[in-house]
Amino acid sequence: MPVEPVDKVWMDGKLVDWDQARVHILTHSLHYGSGAFEGIRCYETKKGPAVFRGRDHVARLFRSAQILMIDVPFTPDEVWEGIREVIRANGLQSCYIRPLLYLGYGEMGLNPLPAPVNLAIAVWKWGAYLGEEALASGCRVKISSWKRHDPNVIPAAAKGIGQYINSSLAKVEAVKAGYDEAIMLNHHGYVAEGSGENVFIVRDGVILTPPLESGILEGFTRDSAIRIARDRGYQVVERDLLRSDLYACDEAFFTGTAAEITPIREVDDRPVGAAGRGPITKDIQETFFGAVRGEIPEYEGWLDPVG
Ligand code: PPE
């Protein structure tokens, strides 16, 4: 997706001009995929711009760093203030936020421990991840021939930069074959997640989603969708799913910061339910969009104001 430039990027505590937000070619992360990142969204609300689960995303960045043994040279409060500062500096009401914790210039070789640690926070306008049309009518998905990496190969719980090669391989395969998105199975053959989304299905009114032990990213949109669904009286079950569960369900949808809540209308050329946005998906999606825009008081705690 092409990026529209904005004015400023936060780099190691300073706001720099967009065009000056550069790194050296021997940046460690460019060579070895070392580092971690976050994907966060800021939404326009009546009380001004607010970051959806902003503090939670910052905490996950620190958990990723802990797993990858990277010492973050900032406190969580400083990172959170950096996020607010860069949104304000660009005068944005809504945007996508990308904190990137990377290993910088000065050390080469596979041992990342001596490399300098840098943190950048970029923001830009990012519309519907799989297209506006997909939000309303659903997307077409392919089960990937690429498996989700085993958590003992690369920890899925960390949002590490290099591990996204796995997601990219799956995405490219799906797009080249004419689909919008991929779903990967895990090493046990059960459904894991999309290239950048968690996945849910609905069968006989019950909502099902793979458990965290299936080796998936612990998505905040997933967590929010589960809470919304239960609050609205639906039963939500976290259990292993087979690919045939995806082929023969009534509804399916993705959750993710970028993807928000995107219905799935087809899996491997099999229509899901009525091949559109199912009624339970619509209910959860509408509530989610109300929550992120600050229109539902009970979910206001999920919004961290930019101020
Ligand atoms: N699984 C994966 C593999 C993943 O990358 C994401 C987020 C999720 C699940 C959902 O997590 P959460 O955002 O906390 O609900 N993917 C990010 C990157 C997308 C990109 O293309 O870049 C995102 O949605 O920001």
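Procedures and definitions
- Residues numbered from 1 in each chain as written.
- Predicted model: local features only at pLDDT ≥ 70, side-chain atom pairs only at ≥ 80, totals over all residues.
- Heavy atoms only, no water.
- Phe/Tyr/Trp six-rings, centres within 6.5 Å; stacked < 30°, edge-to-face > 60°.
- Helix = DSSP H or I, 4+ residues; strand = E, 2+ residues; numbered from the N terminus.
- Buried < 20%, exposed > 50% of the residue type's maximum accessible area, 1.4 Å probe, protein only.
- Disulfide = S-S within 2.5 Å.
- Pairing = 2+ DSSP bridges.
- Patch = residues over 30% accessible without salt bridge, like charges linked within 9 Å, V, L, I, M, F, W, Y side chains within 5 Å.
- Areas by Shrake-Rupley, 256 points an atom, 1.4 Å probe, with all protein chains shown as cover.
- Salt bridge = Lys/Arg side-chain N within 4 Å of Asp/Glu carboxyl O.
- Axes fitted to C-alpha atoms, helices over the stretch in contact; angles between N-to-C directions.
- Parallel < 35°, antiparallel > 145°, perpendicular 65-115°, else oblique.
- Left-handed = near helix turned anticlockwise from the far one by under 90°.
- Contact = heavy atoms within 4.5 Å.
- Nonpolar A, V, L, I, M, F, W, Y, C, P; charged D, E, K, R; others polar.
- Domains from an automatic or database assignment.
- Buried area = accessible area lost by both parts, 1.4 Å probe.
- Polar contact = N/O pair within 3.5 Å; in protein donor to acceptor, adjacent residues only side chain to side chain.

All right, on to the packing of aromatic side chains then. Working definition: an aromatic ring pair is given by the centre-to-centre distance plus the angle between the planes. Taken as a whole and assessed by the stated rule, the structure comprises 11 aromatic pairs. An angle of 80° between the planes, with centres 5.7 Å apart, marks the rings of Phe-52 and Trp-302 as edge-to-face. On the criterion of sequence distance, the pair formed by Phe-52 in strand E5 (residues 48-52) and Trp-302 in the loop between helix H8 (279-292) and strand E17 (303-305) is long-range, its members being 250 residues apart. This pair shows no difference in class: Phe-52 is buried, exactly as Trp-302 is. Considering the side-chain rings of Tyr-96 and Trp-126, the 4.5 Å spacing of their centres and the 80° angle between planes classify their relative orientation as edge-to-face.

Moving on, we come to the state of the cysteines. Under the criterion given, the structure shown has 0 disulfides. Not engaged in a disulfide, the cysteine Cys-95 finds its nearest cysteine sulfur in Cys-42; these two sulfurs lie 4.5 Å apart. On the basis of relative accessibility, which here comes to 4%, the residue Cys-95 falls in the buried class. In this model Cys-249 remains outside any disulfide bridge; the closest cysteine sulfur is found in Cys-139, 12 Å from its own. Cys-249 gets classed as buried once you look at its relative accessible area, which sits at 6%.

Before going further, it helps to spend a moment on the pairing of strand E1 (residues 8-11). Across 4 bridges, the pairing between E1 and strand E2 (residues 14-17) is antiparallel. Considered in E2, the bridge of Val-9 is made with Val-16. Note: E1 against strand E7 (residues 117-124), 2 bridges, orientation antiparallel. Across the sheet, the residue bridging to Met-11 is Ala-120, located in E7.

A grouping of Val-23, Ile-25, Leu-26, Leu-30, Tyr-32, Tyr-105, Met-108 and Leu-110 is seen on the molecular surface, where their side chains present a nonpolar patch of about 820 Å² in accessible area. Relative to the helices and strands, Met-108 resides in the loop between strand E6 (95-103) and E7.

Another point: the packing of helix H2 (residues 54-68) against helix H3 (residues 76-89). Orientation of H2 relative to H3, taken along the N-to-C sense of each, is 130°, at an axis distance of 10 Å. With respect to H3, the element H2 is oriented oblique. The element H2 and its partner H3 pack so that their crossing is right-handed. Side by side, H2 and H3 meet where Gly-54, Arg-55, Val-58, Leu-61 and Phe-62 of the first sit next to Pro-76, Asp-77, Val-79, Trp-80 and Ile-83 of the second. Residue composition of the contact of H2 with H3, by class: 7 nonpolar, 1 polar and 2 charged.

Once that is clear, we can look at the pairing of E5. The two faces of the sheet receive side chains in turn, since in a regular strand these alternate between them. Judged by how many residues are buried, E5 sits mostly within the fold: 5 of 5 residues are covered. Across 4 bridges, the pairing between strand E4 (residues 40-45) and E5 is antiparallel. When the sheet's bridge partners are listed, Thr-45 is paired in E5 with Gly-48. Counting the residues between successive antiparallel strands, the hairpin from E4 to E5 contains 2 residues. Bridge count for E5 against E17 is 3 bridges, and the pairing is antiparallel. Paired with Phe-52 across the strands is Leu-303, a residue of E17.

In this section: the domain arrangement of the protein. By domain assignment, the protein separates into domain 1 (8-124) and domain 2 (132-292). Between domain 1 and domain 2, the C-alpha centre-to-centre distance is 26 Å. With 25 residues of domain 1 at the contact, the number on the domain 2 side is 19 residues. Both sides of the domain 1 and domain 2 interface together cover about 1800 Å² of buried area, and 64% of this is carbon and sulfur. At the surface where domain 1 touches domain 2, the tally comes to 2 salt bridges. In this structure, the salt-bridge partner of Arg-53 is Asp-223, at a minimum N-O distance of 2.7 Å. Between domain 1 and domain 2 we count 11 residue pairs in polar contact (both at pLDDT 80 or more) in total. Elements that contribute at least two residues to the side of domain 1 that touches domain 2 include exactly strand E3 (35-37), E4, H2 and E6. For the side of domain 1 that touches domain 2, the leading source of residues is H2, giving 7 residues. The residue makeup of the side of domain 1 that touches domain 2, split by class, is 11 nonpolar, 8 polar and 6 charged.

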